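# Observations on the model geometry
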Amino acid sequence: MELPRIGRRRAVQAVLAVAAAVALLLWWVLPSDGPSYPKDRVDFATGVRNGVYDTYGKRLQPYLHTDLPGVPVRLVRSEGSVDNVRRVATGEADFAIAAADAVADYDGPGAGRLRACARLYDDYMQLVVPADSPVRSAKDLRGLRVGIGQPSSGVNLIAQRLLEAADLGEPGDVRRRTVGIDRAPEMLREGKLDAFFWSGGLPTKTIANLAETTDVKLVQLGDLVARLHAESEESAYYRQAVMPADAYPMVQGGRAVQTIAVANLLITTDRTDTGLVDRLTRTVIDSRDRIGQEVHAAQLMDLRTAVFTDPLRLHAGAERYYRSVKP
């Protein structure tokens, strides 16, 4: 039986209304301002438990789930920068955070395929000792038990170079302990270490927590910068820096501490899909302030400096994102 004309009109209107509602729902749920991307799982290498990389990855993950619908994002703990560069270059991870010196130092398989998505924030080298320690510079570490980070960490890479610059490069000069931020603070508290190195954003929560139960101090490293720069080309990625007086108020007593800093990069390879990199880079930039509420170092990331990713070229997807937001 043929519907009356008014009935047909209402039926068409109802269909159009449903279609509009579905379109509105899709617009609300799915990102509409970005390119398409594959839905394969993404492995994101971070760092040691309780480190800044680990914390940053945990805070970033929910935003990636929102902005990359259909893409499972798996966080993979690692020993740190050196490990992360190798994992990405060899295809064991899709993305990772790594310090610029570790990137420059890597010459293994896949090195030529490495690309950057963004410069994130700077790591500050921190030498932590008990408050009553006689150590006033790295040169005073001779004969002491010193945590130098896990073997494939960025901490280890810098610590070894600093010890060399302090004329403590021989195996017997310092009693090296290859422990990271997940174990070193407790070992210092228990008297199993005399000092430990850490390279991370300011403040690092684990060190702040240590200061709440143990009297510690930060040792200046600024006197080694010139010597460090003279030792290798990769040392060019270290800059003289100051830990502000309020980085660890309980530790510094209102005093700034001279040290060195190195930039952190978000890295991938040229194999990674352009649309995926575009969207992921956007998420990293857009989530900065929210992540920065818990990972304070993330607040220092800036769209204007994010493109300075030496020693790596920007990935084509990251380039496309930065062009799209350029004023």
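Calculation notes
Residues numbered from 1 in each chain as written. Predicted model: local features only at pLDDT ≥ 70, side-chain atom pairs only at ≥ 80, totals over all residues. Heavy atoms only, no water. Phe/Tyr/Trp six-rings, centres within 6.5 Å; stacked < 30°, edge-to-face > 60°. Lys NZ or Arg CZ within 6 Å of the ring centre and 35° of its normal. Helix = DSSP H or I, 4+ residues; strand = E, 2+ residues; numbered from the N terminus. Expected span 1.5 Å × (residues − 1). Buried < 20%, exposed > 50% of the residue type's maximum accessible area, 1.4 Å probe, protein only. Polar contact = N/O pair within 3.5 Å; in protein donor to acceptor, adjacent residues only side chain to side chain. Axes fitted to C-alpha atoms, helices over the stretch in contact; angles between N-to-C directions. Parallel < 35°, antiparallel > 145°, perpendicular 65-115°, else oblique. Left-handed = near helix turned anticlockwise from the far one by under 90°. Contact = heavy atoms within 4.5 Å. Nonpolar A, V, L, I, M, F, W, Y, C, P; charged D, E, K, R; others polar.

### Details of the packing of aromatic side chains
Inspection of every chain in the model, using the stated rule, returns 2 aromatic pairs. Across the ring face of Tyr37, the terminal group of Lys39 is positioned such that the distance to the ring centre comes to 4.3 Å.

### Some details on helix α10 (residues 274-286)
Because an α-helix completes one turn every 3.6 residues, residues spaced three or four positions apart along the sequence face the same direction. With 13 residues, α10 should reach 18 Å at 1.5 Å per residue; the first-to-last C-alpha distance of 18 Å fits that figure. Counting buried residues in α10 gives 11 out of 13 residues, a clear majority hidden from the surface. Residues of α10 that are buried: Gly275, Leu276, Val277, Asp278, Arg279, Leu280, Thr281, Arg282, Thr283, Val284 and Ile285. For α10, the side-chain oxygen to backbone nitrogen distance between the N-cap and Gly275 is 3.0 Å, and the N-cap itself is Asp273.

### Comments concerning the environment of Pro203
Take Pro203: it is sitting in the loop between β7 (195-200) and α7 (205-213). In sequence terms Pro203 and Tyr248 are 45 residues apart; their C-alpha atoms lie 6.6 Å from each other.

### Regarding the packing of α10 against helix α12 (residues 316-325)
With their axes 7 Å apart at the nearest point, α10 and α12 run at an angle of 55° to one another. As summarised for this structure, α10 and α12 are arranged oblique, according to the angle between their axes. Remark: the crossing between α10 and α12 carries right-handed chirality. Here Thr274, Gly275, Val277, Asp278, Thr281, Arg282, Ile285 and Asp286 of α10 come into contact with α12, specifically with Ala316, Gly317, Ala318, Arg320, Tyr321, Tyr322, Ser324 and Val325. Considering only residue class, the contact of α10 with α12 consists of 7 nonpolar, 5 polar and 4 charged.

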